[in-house]
Amino acid sequence: MDKVMRMSSEKGVVIFTKSSCCLCYTVQILFRDLRVQPTIHEIDNDPDCREIEKALLRIGCSTAVPAVFVGGKLVGSTNEVMSLHLSGSLVPLIKPYQSLLYQAN
Amino acid sequence: MNSTSTHFVPPSRVGIYEPLHQFGMWGETFKSNIGNGGSVNTPNHILIPNIQKLDNNNLSEDTSHGTPHMFDQEASTSRHPDKIQRRLAQNREAARKSRLRKKAYVQQLETSRLKLIQLEQELDRARQQGFYVGNGIDTSSLGLSETMNPGIAAFEMKYGHWIEEQNRQICELRTVLHGHVTDVELRSLVENTMKHYFELFRMKSAAAKADVFFVMSGMWRTSAERFFLWIGGFRPSDLLKVLLPHFDVMTDQQVLDVCNLRQSCQQAEDALYQGMEKLQHTLAECVARGGLGEGNYIPQVNSAMERLEALVSFVNQADHLRHETLQQMHRILTTRQAARGLLALGEYFQRLRALSSSWATRHREPT
């Protein structure tokens with residue numbers, strides 16, 4: 001889907017979320033703790049919400065939201081992000097986008 | 001004349017009234033002894049019918065003697081001394097038999113009580129050794145609903161078997177680490193122990209679908225384990241704290257890797273926990289909404305139910321963190337180190353379960 005392609009290929013870390021999804025919030029907190037400011041697309045307010053969900057699932061995301069893209073490439077949903085982080089592979093991936101000035105609380 | 005009254009045993013000393021109140025069996029003894037079939041339903045009537053039946057005429061004459069005793073025997077003695085004597089002897093005999101029966105019954109109670117204490121001790125011993133003996137049963141808050149849920153009932157049964165297998169594996173690890181074993185054998189033992197933990201996470205996932213609150217509350221675990229509960233299980237970073245002291249020699253790379261794992265584990269935990277708190281917060285908001293005076297009507301009950309469903313995914317994610325932490329430790333450590341680590345972890349939980357037992361029995365009377 002063009003819209004998804006366009007949004008996901010934006011620079012840095014892009015996360016598709018829903019306002020009611022608390023696991024999405026979890027993923028956002030994690031990136032904030034890693035000193036990254038991701039671009040958030042809350043799709044439940046988008047008129048094409050259903051289409052976007054289907055597209056995300058088609059691309060290969062285990063659950064439609066949260067869907068995490070880094071540098072235009074799909075990383076995955078909560079499971080994939082957590083696995084990557086515990087294996088130590090997430091930080092190298094997001095290193096270019098880590099802010100030195102932005103301090104997490 | 002008055003001699004017979006000394007043989008008469010006052011009802012209070014016989015003590016037959018009280019037992020008759022409680023134990024119907026003694027009533028039977030008296031029924032047979034009182035040949036005239038006097039009522040034995042109320043103790044007060046026991047002896048009176050005996051006397052009245054025999055000496056109805058005499059009773060009216062007795063009042064003139066001035067003795068207030070309702071079982072006034074003096075007048076009757078003069079008329080039918082033998083019958084009275086016989087009746088008194090029968091009463092004494094009945095009282096004696098009653099005393100013996102009571103003694104036997106009390107002894108029975110005492111033995112049963114001792115047996116019960118013995119059984120409870122056995123149960124505690126079994127729990128200490130880690131055998132699952134229905135921890136959910138003795139918690140009053142469970143109620144019938146949990147045991148009626150087939151998914152939960154199945155889980156509890158499987159968990160019992162899981163604990164038994166866990167204990168067996170811990171024993172094996174202990175034996176194997178003390179003796180000489182090939183790396184290949186050790187590796188397969190470590191793999192099996194890991195797989196066993198992963199099996200538990202699968203079981204929990206199924207149980208969470210059946211009843212997420214059951215899994216979240218940790219009702220299937222012992223009390224001390226429940227104290228340390230973090231989203232339906234142990235805290236992944238605690239796992240590292242338990243394992244680390246047992247690794248005496250570690251390479252620099254290992255130290256670095258463990259340090260990084262510890263940090264990322266902590267960050268993942270914090271993020272997940274904050275997500276949980278947000279879920280609680282939004283659920284509370286949802287329940288708090290609604291007009292004043294509308295009782296238990298939930299305006300957006302569907303939305304509230306959806307949030308409860310979301311809890312299942314949190315439980316699954318927590319188990320996913322546990323899974324990944326174990327997996328990473330396995331990757332960082334050597335086989336022997338992993339074996340020691342898994343033994344330490346297993347024994348840690350065994351000790352928690354033993355602590356729960358000790359706590360539960362701390363107020364028991366010594367037998």
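Refer to the preceding data block for the structure.
Remember, it's a predicted structure, so these values are computed and weren't measured experimentally.

K.L.:
Which parts of the structure should I look at to understand the overall build of chain B?
P.N.:
Each helix and strand in chain B was counted, giving 16 helices and zero strands. Considering chain B as a whole, with its 367 residues, one finds that 43% of them fall into the buried category. Partitioning the intrachain contacts of chain B with sequence separation of at least 6 by distance along the chain shows that 74% fall at a separation of at least 24. Summed over all atoms, the accessible surface of chain B reaches about 20900 Å², with 55% contributed by carbon and sulfur.

K.L.:
Please explain the environment of Val242 of chain B as it appears in this structure.
P.N.:
Residues and elements named next belong to chain B. Note on placement: Val242 falls in helix H13 (residues 236-243). A relative accessible area of 15% places Val242 in the buried class. Once residues lying within four places of it in the same chain are set aside, the contact partners of Val242 are Ala344, Leu345 and Tyr348.

K.L.:
So what exactly am I meant to see when it comes to helix H4 (residues 78-86) of chain A here?
P.N.:
An α-helix turns once every 3.6 residues. As a result, residues three or four positions apart point the same way. Where H4 of chain A is concerned, the buried positions are Thr78, Val81, Met82, Ser83, His85 and Leu86 of chain A. Gly88 of chain A occupies a position one or two residues after H4 of chain A and carries a positive phi of about 85°.

K.L.:
Looking at this structure, I do not really get the pattern of salt bridges. What am I missing?
P.N.:
Side chains that differ in charge, positive against negative, can pair when their charged atoms come close. Residue and element names in this part refer to chain A. Summed over the entire model, instances satisfying the criterion amount to 18 salt bridges over all chains. Lys18 is paired through a salt bridge with Glu53; the nearest N and O atoms lie 3.2 Å apart. With Lys18 in the loop between strand S1 (13-17) and helix H2 (22-33) and Glu53 in helix H3 (residues 49-59), this residue pair connects regions lying 35 residues apart in the sequence. A relative accessible area of 22% places Lys18 in the partly exposed class. Residue Lys54 pairs with Glu51 through a salt bridge whose shortest N-O separation is 3.9 Å. On the criterion of helical spacing, the pair formed by Lys54 and Glu51 is a turn pair, its members being three residues apart in helix H3. We classify Lys54 as partly exposed; its relative accessible area is 46%.

K.L.:
Would you mind showing me how to read the pairing of strand S2 (residues 39-42) of chain A here?
P.N.:
Look at any regular strand and the pattern is simple: side chains alternate between the two faces of the sheet. Residues and elements named next belong to chain A. Where S1 meets S2, four bridges bridge the pair, whose relative direction is parallel. Paired with Phe16 across the two strands is His41, which belongs to S2. Running through H2, the crossover from S1 to the neighbouring parallel element S2 is right-handed.

K.L.:
How do you make sense of the sheet that holds S2 of chain A when you look at a structure like this?
P.N.:
All names here are of chain A. With mixed pairing, four strands are arranged side by side in an open sheet as S2-S1-S3-S4. If you trace the sheet from one side to the other, it starts and ends with S2 and strand S4 (73-76), each paired once. Taking each pair of neighbouring strands and ignoring which way they run, the sheet shows an average axis angle of 25°. Inspection of the sheet shows S1 paired to strand S3 (residues 67-70) by four bridges, in the antiparallel sense. Each bridged residue has a counterpart across the sheet, and for Val13 the counterpart in S3 is Val70. Across the face of the sheet, H2 comes into contact with S1, S2 and S3 while running at roughly 160° to S1.

K.L.:
Looking at this structure, how should I read unusual backbone geometry?
P.N.:
In terms of backbone geometry, most residues other than glycine have negative phi values and most peptide bonds are trans. The step from Val65 of chain A to Pro66 of chain A runs through a cis peptide bond, and the omega angle for that step is 0°. As for its placement among the helices and strands, Pro66 of chain A is situated in the loop between H3 and S3. In this structure, Arg35 of chain A takes a positive phi of about 65° despite not being glycine. Structurally, Arg35 of chain A is set in the loop between H2 and S2. Using a relative accessible area of 25% as the deciding quantity, one classes Arg35 of chain A as partly exposed. Notably, Ile231 of chain B is not glycine yet its phi reads approximately 45°, a positive angle. Counting through the fold element by element, Ile231 of chain B comes out in the loop between helix H12 (223-227) and H13. According to the relative accessible area criterion, Ile231 of chain B is buried, its value standing at 6%.

K.L.:
I keep staring at the nonpolar core and nothing clicks. Help me out?
P.N.:
Within soluble globular proteins, side chains that are nonpolar generally end up buried alongside one another. Counting 96 residues, the largest nonpolar core has Phe16, Phe31 and Val68 of chain A as its most contacted members. With 11 residues, the single largest contributor to this core is helix H10 (residues 183-210) of chain B. Those residues within four positions of Phe31 of chain A in sequence are excluded, and the remaining contacts are Val13, Ile15, Val36, Pro38, Val68, Val81, Leu90 and Ile94 of chain A.

K.L.:
Whenever I open this one, the interface of chain B and chain A confuses me. Can you help?
P.N.:
How big an interface is tends to be expressed through the accessible area that disappears when the partners come together. Contacts between the two partners involve 22 residues from chain B and, on the opposite side, 18 residues from chain A. When chain B packs against chain A, close to 1700 Å² is buried across both sides, 63% of that on carbon and sulfur atoms. Across the contact surface, chain B and chain A share zero salt bridges. Secondary-structure elements contributing two or more residues to the side of chain B that touches chain A are helix H14 (252-288) and helix H15 (301-332) of chain B. Ranked by residue count, the leading element in the side of chain B that touches chain A is H14 of chain B, at 12 residues. Among the residues making up the side of chain B that touches chain A, the classes are represented as eight nonpolar, 10 polar and four charged.

K.L.:
Just to check I follow, could you spell out the environment of Gln28 of chain A for this structure?
P.N.:
All names here are of chain A. Its place among the elements puts Gln28 in helix H2. Placed 11 residues apart in sequence, Gln28 and Thr17 show a C-alpha to C-alpha distance of 9.3 Å. Other than its neighbours up to four places away in sequence, Gln28 contacts Ile15, Thr17 and Ile40.

K.L.:
Explanation requested: the packing of aromatic side chains in the structure shown.
P.N.:
Here the distance between the centres and the angle between the planes together describe a pair of aromatic rings. The full count for this structure, using the stated rule, is 11 aromatic pairs over all chains. Ring centres of Phe155 of chain B and Phe214 of chain B lie 6.3 Å apart, and the angle between their planes is 85°; on these two criteria the pair is classed as edge-to-face. Taken together, the positions of Phe155 of chain B in helix H9 (residues 150-178) and Phe214 of chain B in helix H11 (residues 212-217) put the pair 59 residues apart, joining distant regions of the chain. Using a relative accessible area of 3% as the deciding quantity, one classes Phe155 of chain B as buried. Phe214 of chain B gets classed as buried once you look at its relative accessible area, which sits at 1%. Taken together, the ring pairs in this structure connect Phe155, Tyr159, Trp162, Tyr197, Phe214 and Trp220 of chain B into an aromatic cluster. Above the plane of the ring of Tyr25 of chain A lies Lys278 of chain B, whose end atom (NZ or CZ) is 5.1 Å from the centre.

Conventions and cut-offs
- Residues numbered from 1 in each chain as written.
- Chains lettered and ligands numbered in written order.
- Predicted model: local features only at pLDDT ≥ 70, side-chain atom pairs only at ≥ 80, totals over all residues.
- Heavy atoms only, no water.
- Helix = DSSP H or I, 4+ residues; strand = E, 2+ residues; numbered from the N terminus.
- Buried < 20%, exposed > 50% of the residue type's maximum accessible area, 1.4 Å probe, protein only.
- Contact = heavy atoms within 4.5 Å.
- Areas by Shrake-Rupley, 256 points an atom, 1.4 Å probe, with all protein chains shown as cover.
- Salt bridge = Lys/Arg side-chain N within 4 Å of Asp/Glu carboxyl O.
- Pairing = 2+ DSSP bridges.
- Right-handed = clockwise from strand over helix to strand, strands pointing away.
- Axes fitted to C-alpha atoms, helices over the stretch in contact; angles between N-to-C directions.
- Core = buried A, V, L, I, M, F, W, Y, C linked by side-chain atoms within 4.5 Å.
- Buried area = accessible area lost by both parts, 1.4 Å probe.
- Nonpolar A, V, L, I, M, F, W, Y, C, P; charged D, E, K, R; others polar.
- Phe/Tyr/Trp six-rings, centres within 6.5 Å; stacked < 30°, edge-to-face > 60°.
- Lys NZ or Arg CZ within 6 Å of the ring centre and 35° of its normal.

Just distances and angles here, no functional claims.
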